[in-house]
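# Structural overview
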Amino acid sequence: MPFWATLVLLSLMVTLWVSGRGNPDDVIGLLEQMLAITLGLVVLFIGRSLLLEVLALVFALRLPAARRNHPVQQRTQGSKDVLMPF
């Protein structure tokens, strides 16, 4: 993919993301954000830009990990939550 096409798709992705965040209609806003994510994935996987792939890898490695062997917090008897044990 040419460099100019990558920049156009990335700018369109940012525009859709910002528009989706500011949209008062939740459904249309979510659709715009999903389209922005799709454009980002197209640029990432089809564009073959090594810089973007490295940035996505760094972002993925910086995500918080799920804690294993961590006990679930017990709820107090006075809480009004409905908790169904599995």
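About the criteria used
- Residues numbered from 1 in each chain as written.
- Predicted model: local features only at pLDDT ≥ 70, side-chain atom pairs only at ≥ 80, totals over all residues.
- Heavy atoms only, no water.
- 1 Å grid on protein atoms, 1.4 Å probe; cavity = no way out; pocket = protein on both sides within 12 Å on 5 of 7 lines; lining within 4 Å.
- Points joined across faces, edges and corners; volume = space filled by probe spheres on them.
- Helix = DSSP H or I, 4+ residues; strand = E, 2+ residues; numbered from the N terminus.

### Here's the deal with the layout of surface pockets
The volume enclosed by the largest pocket comes to roughly 410 Å³. Around the largest pocket sit 13 residues that line it, and Met13, Ile37, Gly40, Leu41 and Leu44 are the ones nearest its centre. Of all the secondary-structure elements, those providing two or more residues to the lining of the largest pocket are α1 (3–22), α2 (26–46) and α3 (50–62). If you tally residues by element for the lining of the largest pocket, the top one is α2, at six residues.

### Observations regarding unusual backbone geometry
We note that Arg48 has phi near 55°; this positive angle belongs to a residue other than glycine. With respect to the helices and strands, the residue Arg48 is situated in the loop between α2 and α3.

By themselves these figures say nothing about function.
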